[in-house]
Amino acid sequence: MNDGITARQFREAEGVEDWPIVGDGASTFFPTASFAQSAGLVQAISELPGVDDHQPDVDLRRDGVTVRLITIADDWYGMSRRDVELARAISRVARDLGLTADPAAVQNVLIIPGAPVVADVMPFWRAVLDYEPRPDSPDEDLVDPRDRGPALWFEAMDQPRGDGGGAIHVAVWVPPEQAEARVAAALAAGGHLVRDHAPSWWTLADAAGNEADIATITGRD
């Protein structure tokens with residue numbers, strides 16, 4: 001295998017406090033005062049030694065830059081020691097530019113179609129979204145080859161839900177310290193609790209039965 005590490009090993013490494021793991025990768029957000037300042041941070045990241053060999057996912061906006069770190073290989077889709085090194089380096093250049101990370105501002109959305117036979121529905125979603133199978137789990141995950149849209153994980157179901165919720169729900173990955181507040185906000189907005197697997201995830205539903213998971217990496221190693 002490559003230099004892959006567990007989520008816990010990443011979190012316990014020194015110098016990665018800016019980088020919560022939400023879903024498969026570690027992410028953070030650097031607020032900026034302008035589009036030009038955001039571009040300056042991306043330029044600084046692009047000049048880091050070795051960055052061309054292990055590139056971060058970067059989203060540049062006028063009010064800040066979101067960066068995701070993940071290692072993708074045929075046998076691994078997650079964190080690695082290279083991500084630890086790159087996280088430290090990016091945080092360092094951001095501080096040099098006078099920028100402070102806001103880890104609470106990141107999240108990751110996963111779409112979860114369900115079907116009695118997953119293989120019967122995956123080809124449809126692959127075609128309609130122009131997605132590709134994830135290298136390490138091609139029988140249950142589809143990903144955007146351009147890294148722009150949310151990933152899909154296919155859930156095997158005995159039968160589609162009959163409570164009005166259909167067979168698709170979403171998972172919203174958040175930093176662990178944000179999860180309970182997000183759940184409380186959803187309940188206050190008219191939702192109700194369906195399943196409680198705290199602190200890993202809570203399944204909530206709206207008034208029509210449509211479901212969403214609030215998920216964290218806690219307890220998943």
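Residues numbered from 1 in each chain as written. Predicted model: local features only at pLDDT ≥ 70, side-chain atom pairs only at ≥ 80, totals over all residues. Heavy atoms only, no water.

A. Representation of the pairing of strand β7 (residues 108–115). Where β7 lies against strand β12 (residues 168–173), 6 bridges are found, and the strand directions are antiparallel. Residue pairing in the sheet places Ile111 in a bridge with Val170 of β12. Here β7 runs beside strand β11 (residues 155–156); their pairing, made up of 2 bridges, is parallel. When the sheet's bridge partners are listed, Gly114 is paired in β11 with Glu155. (Pairing = 2+ DSSP bridges. Helix = DSSP H or I, 4+ residues; strand = E, 2+ residues; numbered from the N terminus.)

B. Local environment of helix α3 (residues 81–96). Along its 16 residues, α3 runs 23 Å from first to last C-alpha, staying within 8% of the 22 Å computed at 1.5 Å per residue. Residues of α3 that are buried make contact with α1 (7–12), β2 (25–31), α2 (35–46), β4 (64–69), β5 (71–73) and β6 (76–78). Looking one or two residues past α3, Gly98 carries a phi angle of roughly 80 degrees, positive in sign. (Expected span 1.5 Å × (residues − 1). Contact = heavy atoms within 4.5 Å.)

C. The packing of α2 against α3, seen in detail. Their axes nearest at 10 Å, the elements α2 and α3 cross at an angle of 135 degrees. The angle between α2 and α3 falls in the class oblique. In the packing of α2 onto α3, the handedness of the crossing is right-handed. Two secondary-structure elements touch here, α2 through Leu41, Ala44 and Ile45 and α3 through Ile90, Val93 and Ala94. (Axes fitted to C-alpha atoms, helices over the stretch in contact; angles between N-to-C directions. Parallel < 35°, antiparallel > 145°, perpendicular 65-115°, else oblique. Left-handed = near helix turned anticlockwise from the far one by under 90°.)

The quantities given are spatial measurements derived from coordinates; they are silent on function.
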